[in-house]
Amino acid sequence: MSKKLWIPILSVLVLIAGFYTFIKLYPPLETGTIASSLDQTLYLVGVGNRGLSTIQLVNVTVNADEAVPTETKVQTCDALTGFTLTDDYRTEELNGCGVRDLKDVVIKKGTSPAKTLAKHDEGTVTKEDLIYGVIVKDDLPIHSVNIEYRYFGIPLRKVVELD
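Here's what I pulled together on the structure shown here. (Residues numbered from 1 in each chain as written. Predicted model: local features only at pLDDT ≥ 70, side-chain atom pairs only at ≥ 80, totals over all residues. Heavy atoms only, no water.)

Considerations on the overall build of the chain
Looking only at helices and strands, the chain features two helices and nine strands. For the chain, the sequential pattern of α-helices and β-strands runs α-β-β-β-β-β-β-α-β-β-β. The principal-axis extent of the C-alpha atoms belonging to the chain is close to 70 × 40 × 25 Å. Within the chain, buried positions represent 39% of all 163 residues. (Helix = DSSP H or I, 4+ residues; strand = E, 2+ residues; numbered from the N terminus. Buried < 20%, exposed > 50% of the residue type's maximum accessible area, 1.4 Å probe, protein only.)

If you want it as structure tokens, here you go:
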């Protein structure tokens, strides 16, 4: 191959490696609200996306041994309504929040919990501002939630310590 062909190929590889490194150093999934039941067998972890593209949730496990929880859902609400911590998703308490299976939810960009909180403080939050909460339920108390997701096809993981 000629030198003229190697330079563009090498440039593209350096850009890809740089992008991958940047994503690993500054992951887009951000956590916010954390709520639990009294016995700590039910948790809601508020999550959002501070990245440039959508996030696809892949899997959630709990505790250090990466146990599969008995139930995993995602609650989607507008920021004015807020989350409802319940294990009965058919209840009227949900105030219009949607509850779906993990793999059916794509977290939109621009849903950073920190930015939403700042909008609350400024009084500029609207019903258009979405918030997402990962709900995990298990038979034993939960100490950590491990969220696996994909961003630009890159597998990433966020561990949320709850103790």
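A closer look at the packing of aromatic side chains
Counted by the stated rule, this structure contains three aromatic pairs. Ring centres of Phe22 and Tyr26 lie 5.1 Å apart, and the angle between their planes is 40°; this geometry places the pair in the tilted category. On the basis of relative accessible area, Phe22 is assigned to the partly exposed category, the value being 46%. Classification of Tyr26 by relative accessible area gives exposed; the value is 53%. Ring centres of Tyr151 and Phe152 lie 4.8 Å apart, and the angle between their planes is 75°; this geometry places the pair in the edge-to-face category. Classification of Tyr151 as buried rests on a relative accessible area of 2%. (Phe/Tyr/Trp six-rings, centres within 6.5 Å; stacked < 30°, edge-to-face > 60°.)

A word on the state of the cysteines
Scanning the model with the defined rule gives one disulfide in all. For Cys77, the disulfide goes to Cys97, at an S-S distance of 2.0 Å. Torsion about the S-S bond of the Cys77 and Cys97 cystine: about 125°, corresponding to right-handed handedness. On the criterion of sequence distance, the pair formed by Cys77 in strand S4 (residues 71–78) and Cys97 in the loop between S4 and strand S5 (98–101) is long-range, its members being 20 residues apart. The same class applies to Cys77 and to Cys97, which are both buried. (Disulfide = S-S within 2.5 Å.)

Notes on the pairing of S4
The element S4 is largely enclosed, with a buried count of seven among its eight residues. Pairing of S4 with strand S7 (residues 130–137) involves eight bridges; the strand directions are antiparallel. If you follow Asp78 over to S7, its bridge partner there is Leu130. (Pairing = 2+ DSSP bridges.)

The values reported here are purely geometric and, on their own, carry no functional implication.
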